[in-house]
Amino acid sequence: MGHKVQVYIYDLSQGAAKSLGQALIGKPIDGIWHTGIVVYGKEYFFGSAGIESCPPAGTLLGNPLDVKDLGETEIPPEVFMDYLRTQSQSRFKGEKYNLFKHNCNNFSHETAQFLTGQGIPQHILDLPNEFLATPMGQMIAPMIEQMTPSGQSIPFTMGDAVERLGVPELSDSYQETVNNLTNGQTTTRTTDVKVFPVTSPILFSNPLNIEGMMKKVEELNKQEQENALNETEIKMFSGIAKGLVRLSEESFQVVEKMLRWKEENRFPALDLLRHKCLHLGDTDGDIIERIVVHLVANIGTGDTNSQLAAAALANLVARHGHSKLTKVDEVMDKTSSLLPSSHKKLEVHLTSLVHNLALPNHKNGESLDINVMLVSTILSNLHSSVQHVESEEKLVISLGNILHNGHEEVTSLAHSMDAHSFLNKVESKVDKKTVTEVKSMLKLE
């Protein structure tokens with residue numbers, strides 16, 4: 001049985017935006033939106049203090065103006081907490097909060113996608129850009145950002161910070177720290193929360209733009225001859241994209257037909273598979289194997305195809321484990337051959353796939369052969385080929401997860417391949433605690 005997921009929507013202006021919008025920025029606005037994701041009996045949100053939680057509707061804003069059901073999630077609470085912990089240490093650190101560009105609604109959107117595959121209403125995400133697009137909005141934005149000492153704070157986020165929720169219960173010494181702070185003392189204590197194992201997958205869960213996709217399919221279909229779709233097949237592809245038609249033998253043959261199109265025309269089919277790999281459910285095992293074959297074959301058939309194929313494989317591994325991915329060696333060979341790349345997105349997609357392959361997921365088991373292959377590829381090729389910090393951090397986490405399994409053969413291999421030089425190189429750029437913990441597993445600290 002799944003867990004219900006909702007987004008709670010609040011109007012920070014308490015109704016004033018409707019009357020003031022026209023005067024301030026020359027156009028009416030329905031509200032100034034704050035959102036939180038409600039799941040597992042708590043509400044989670046992001047502010048200048050980082051990711052926080054409280055009982056549903058437990059902030060000073062009171063009850064939400066609106067509640068939207070986002071569906072159900074099968075993700076266990078402990079996996080979700082690992083996801084939040086990882087996000088709170090990187091993308092959603094409190095210091096990265098920005099009222100207009102990186103706020104509570106961005107967090108709610110990405111968290112909703114992680115849990116259910118769909119985001120929050122688009123008009124909520126669009127509001128900051130609409131505001132900043134007006135002359136008056138650009139003029140008063142700096143003043144609004146300076147309304148708090150940090151310039152990027154929401155003052156009512158009074159729940160428990162996720163960084164403090166890393167331990168299920170407060171230990172005596174932690175409670176003593178809380179009491180000391182309450183009494184005005186300054187005693188501090190560092191909670192020893194381990195980084196590894198990191199169990200949160202990287203998902204490529206953007207919803208399909210079905211209307212745009214179908215227009216493109218009809219346009220590209222006209223360029224094909226031998227494998228052109230007939231009207232019934234086009235409708236079937238549309239039904240798959242909309243979730244009205246399941247991936248059966250008959251319907252998947254339509255997708256396979258499109259995957260025989262010219263390489264530059266295959267991206268709609270690959271984008272469909274990227275989305276469907278999140279929700280394969282009871283799809284027949286033979287079809288899943290064929291999906292894998294097609295995805296691996298399309299890595300290296302152009303940057304866009306490679307990005308989409310890598311994203312689809314990353315989703316498949318995250319949801320179903322790499323027991324379904326029988327071509328790990330070929331995937332790693334192709335990943336190595338495509339890097340370095342001048343296209344950041346391609347690099348990020350490929351290293352995200354490596355990250356998911358290295359997850360210590362019970363579905364993946366602890367395959368020694370695969371771990372050896374991953375460590376060998378990371379340290380012999382990938383670490384010197386990636387050009388972006390985001391990718392380097394994924395490789396460090398991947399290496400740490402593999403070493404956390406405790407295989408002596410893997411640890412020895414990492415030593416022999418000079419893992420410490422890679423870690424020293426990235427230590428100043430990625431999260432220091434993560435690097436330190438990987439070094440400790442290699443007994444370099």
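As the structure is a computational prediction, the values presented were derived from the model and not from experiment.

(A) Expanded view of the overall build of the protein. Within the protein one finds 19 helices and six strands. Counting across all 445 residues of the protein, residues that qualify as buried make up 53%. Sequence-distant contacts in the protein: of pairs separated by 6 or more residues, those separated by 24 or more amount to 74%. When the accessible area of the protein is evaluated, it comes to approximately 20900 Å², of which 50% is carbon and sulfur surface.

(B) Molecular detail of the environment of Glu 347. Within the fold, Glu 347 resides in helix 14 (residues 344-357). Exposure remark for Glu 347: the relative accessible area of 0% places this residue in the buried category. In this structure, the C-alpha to C-alpha distance between Glu 347 and Asp 303, residues 44 residues apart in sequence, is 9.9 Å.

(C) Inspection of the packing of helix 15 (residues 368-385) against helix 18 (residues 419-426) at higher detail. Axis separation between helix 15 and helix 18 bottoms out at 10 Å; the angle between their running directions is 20°. Comparing their axes, helix 18 and helix 15 come out roughly parallel. The way helix 15 lies across helix 18 gives a crossing that is left-handed. Across the interface between the two elements, Leu 379, His 383 and Ser 384 of helix 15 pack against Ala 419, Phe 422 and Lys 425 of helix 18. Each residue belonging to the contact of helix 15 with helix 18 can be placed in one class, and the counts come to three nonpolar, two polar and one charged.

(D) Region of the structure containing the nonpolar core. Counting residues in hydrophobic clusters, the biggest one holds 79 residues, and the most contacted among them are Val 255, Ile 291, Leu 295 and Leu 399. Considering each element in turn, this core owes the most residues, nine residues, to helix 12 (residues 303-320). Not counting the four nearest positions on each side in its chain, Leu 295 is found in contact with Leu 270, Leu 273, Cys 277, Ala 309, Ala 312 and Leu 313. Within the second largest apolar cluster, 29 residues are counted, among which are Ile 51, Ala 112, Phe 114 and Ile 120.

(E) Representation of the side chain of Glu 224 in the model. Relative to the assigned elements, Glu 224 resides in the loop between helix 7 (210-221) and helix 8 (231-242). Despite being buried, Glu 224 has no salt bridge partner; Lys 262 is the closest side chain of opposite charge, sitting 4.9 Å away. Here the side chain of Glu 224 touches Asn 265 through a polar contact of 3.0 Å, side chain to side chain. Residues in contact with Glu 224, not counting those within four places in the same chain, are Trp 261, Lys 262 and Asn 265.

(F) Representation of the packing of helix 2 (residues 77-88) against helix 3 (residues 104-116) in the model. Close contact between helix 2 and helix 3 brings their axes to 12 Å; oriented N to C, the two are set at 145°. The two elements helix 2 and helix 3 meet at a crossing, and its hand is right-handed. Packed against helix 2, whose contacting residues are Val 79, Phe 80, Tyr 83, Leu 84 and Gln 87, the element helix 3 presents Phe 107, Glu 110, Thr 111, Phe 114 and Leu 115 at the interface.

(G) The arrangement of the pattern of salt bridges in detail. Within this structure, the stated rule accounts for 16 salt bridges. Residue Lys 394 pairs with Glu 390 through a salt bridge whose shortest N-O separation is 3.1 Å. Of the two residues, Lys 394 and Glu 390 both sit in helix 16 (residues 389-404), four residues apart, roughly one turn of that helix. The exposure class assigned to Lys 394 is buried, which follows from its relative accessible area of 8%. Since its relative accessible area comes to 38%, Glu 390 is described here as partly exposed. With a shortest N-O distance of 3.0 Å, Glu 427 and Lys 439 are connected by a salt bridge. With Glu 427 in the loop between helix 18 and helix 19 (432-441) and Lys 439 in helix 19, this pair connects stretches of sequence that are 12 residues apart. Summarising the burial analysis for this pair, Glu 427 and Lys 439 share the class buried.

(H) Spotlight on helix 2. Here helix 2 contains 12 residues, and its C-alpha end-to-end distance of 16 Å stays within 8% of the 16 Å for a straight helix at 1.5 Å per residue. For helix 2, the set of buried residues is Phe 80, Met 81, Asp 82, Tyr 83, Leu 84, Arg 85, Gln 87 and Ser 88. Structurally, helix 2 contributes buried residues whose contacts are with strand 2 (33-39), strand 3 (42-47), strand 4 (50-54) and helix 3.

(I) Expanded view of the environment of Val 430. Within the fold, Val 430 resides in the loop between helix 18 and helix 19. On the basis of relative accessibility, which here comes to 8%, the residue Val 430 falls in the buried class. Sequence separation between Val 430 and Glu 390 is 40 residues, and the spatial gap between their C-alpha atoms is 8.1 Å.

Rules used in this analysis
Residues numbered from 1 in each chain as written. Predicted model: local features only at pLDDT ≥ 70, side-chain atom pairs only at ≥ 80, totals over all residues. Heavy atoms only, no water. Helix = DSSP H or I, 4+ residues; strand = E, 2+ residues; numbered from the N terminus. Buried < 20%, exposed > 50% of the residue type's maximum accessible area, 1.4 Å probe, protein only. Contact = heavy atoms within 4.5 Å. Areas by Shrake-Rupley, 256 points an atom, 1.4 Å probe, with all protein chains shown as cover. Axes fitted to C-alpha atoms, helices over the stretch in contact; angles between N-to-C directions. Parallel < 35°, antiparallel > 145°, perpendicular 65-115°, else oblique. Left-handed = near helix turned anticlockwise from the far one by under 90°. Nonpolar A, V, L, I, M, F, W, Y, C, P; charged D, E, K, R; others polar. Core = buried A, V, L, I, M, F, W, Y, C linked by side-chain atoms within 4.5 Å. Lys, Arg positive; Asp, Glu negative; His and termini not counted. Salt bridge = Lys/Arg side-chain N within 4 Å of Asp/Glu carboxyl O. Polar contact = N/O pair within 3.5 Å; in protein donor to acceptor, adjacent residues only side chain to side chain. Expected span 1.5 Å × (residues − 1).

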